Amino acid sequence: MDNHLQEMNLIDLLSEKHLALRKIVTDQDPDQINKTESHILAVLETHEMLTISEISRIIHISRQGTHKSIQGLLSRNYVEAVEVKGNQRDKNIILTQKGIECNQRMMITKIELEQRIANKLGAANVEHLKSLIKEEWL
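Residues numbered from 1 in each chain as written. Predicted model: local features only at pLDDT ≥ 70, side-chain atom pairs only at ≥ 80, totals over all residues. Heavy atoms only, no water.

Visitor: I tried to follow the packing of aromatic side chains on my own but got confused; where do I start?
Guide: What describes a pair of aromatic rings is the distance from one ring centre to the other and the angle between the planes of the rings. Applying the stated rule across the entire model yields 0 aromatic pairs. Positioned above the aromatic ring of Tyr 78, the side-chain terminus of Lys 98 is 4.7 Å from the ring centre. (Phe/Tyr/Trp six-rings, centres within 6.5 Å; stacked < 30°, edge-to-face > 60°. Lys NZ or Arg CZ within 6 Å of the ring centre and 35° of its normal.)

So, in structure tokens, the structure goes:
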């Protein structure tokens with residue numbers, strides 16, 4: 001384990017590992033998707049269609065930050081904006097085929113990465129860690 005991690009608390013350890021894992025996943029994309037954009041794509045895959053405000057609440061960043069990331073994804077054709085019936089102000093953001101394919105590539109990377117972690121820590125420990133993280137403790 002890196003020396004700088006030895007004295008960290010749980011919150012900072014989780015943050016460090018999360019950033020490192022997200023970087024590995026995003027480095028696989030030819031268009032160099034950033035961490036926020038990859039998070040948005042993953043959220044859209046789960047929810048299929050969301051407004052920018054909804055995405056912002058889910059990923060816990062400002063609406064302005066979310067809007068900037070969405071604009072980057074729109075310009076590179078990972079997502080598209082569609083009209084919301086009965087709402088002139090908001091648009092729903094949905095994945096394009098390119099966004100779906102990007103999520104599929106990232107999922108392959110995530111599966112391979114989880115396997116590498118399981119090889120290092122043991123499959124039972126990875127399953128235990130996943131079950132602990134899924135618990136209601138926040």
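That was the structure; now back to the text.
Visitor: I keep staring at unusual backbone geometry and nothing clicks. Help me out?
Guide: With the exception of glycine, most residues fall at negative phi, and the peptide bonds are largely trans. The phi angle at Glu 48 is positive, at roughly 70°, despite the residue not being glycine. Tracing the sequence through the fold places Glu 48 in the loop between helix H2 (35-47) and strand E1 (49-51). Despite not being glycine, His 60 has its phi angle at roughly 60°, a positive value. One can find His 60 in the loop between helix H3 (52-59) and helix H4 (63-75). For His 60, a relative accessible area of 69% gives the class exposed. (Helix = DSSP H or I, 4+ residues; strand = E, 2+ residues; numbered from the N terminus. Buried < 20%, exposed > 50% of the residue type's maximum accessible area, 1.4 Å probe, protein only.)

Visitor: Whenever I open this one, the pairing of strand E2 (residues 79-84) confuses me. Can you help?
Guide: The side chains of a regular strand alternate, first on one face of the sheet and then on the other. Examined bridge by bridge, E2 and strand E3 (residues 87-95) share 6 bridges and lie antiparallel to one another. Within the sheet, the bridge partner assigned to Val 79 lies in E3 and is Leu 95. Counted between consecutive antiparallel strands, the loop separating E2 from E3 contains 2 residues, among which Gly 86 sits at a positive phi close to 80°. (Pairing = 2+ DSSP bridges.)

Visitor: Would you take a moment to explain the packing of helix H5 (residues 97-121) against helix H6 (residues 123-134) for this structure?
Guide: When two helices pack together, their arrangement is given by the angle between their axes and by how far apart the axes lie. Between H5 and H6, the shortest axis-to-axis distance is 6 Å and the interhelical angle comes to 115°. Contacts from Glu 114, Ile 117, Ala 118 and Leu 121 in H5 reach Ala 123, Asn 125, Val 126, Glu 127 and Lys 130 in H6. Grouping the constituent residues of the contact of H5 with H6 by class yields 5 nonpolar, 1 polar and 3 charged. (Axes fitted to C-alpha atoms, helices over the stretch in contact; angles between N-to-C directions. Contact = heavy atoms within 4.5 Å. Nonpolar A, V, L, I, M, F, W, Y, C, P; charged D, E, K, R; others polar.)

Visitor: What should I look at first to understand a nonpolar patch on the surface in this one?
Guide: Taken together, Leu 10, Ile 11, Leu 14, Leu 129, Ile 133, Trp 137 and Leu 138 make up a surface patch of nonpolar side chains, about 780 Å² in accessible area. Counting only elements with at least two residues in the nonpolar patch, the list comes to helix H1 (10-26) and H6. Considering every element that reaches the nonpolar patch, the biggest residue donor is H1, with 3 residues. Within the element layout of this structure, Leu 138 appears in the segment after H6. Taking the relative accessible area as the measure of exposure, Leu 138 reaches 91% and is therefore exposed. (Patch = residues over 30% accessible without salt bridge, like charges linked within 9 Å, V, L, I, M, F, W, Y side chains within 5 Å. Areas by Shrake-Rupley, 256 points an atom, 1.4 Å probe, with all protein chains shown as cover. Salt bridge = Lys/Arg side-chain N within 4 Å of Asp/Glu carboxyl O.)

So yeah, pure geometry; function would need other evidence.
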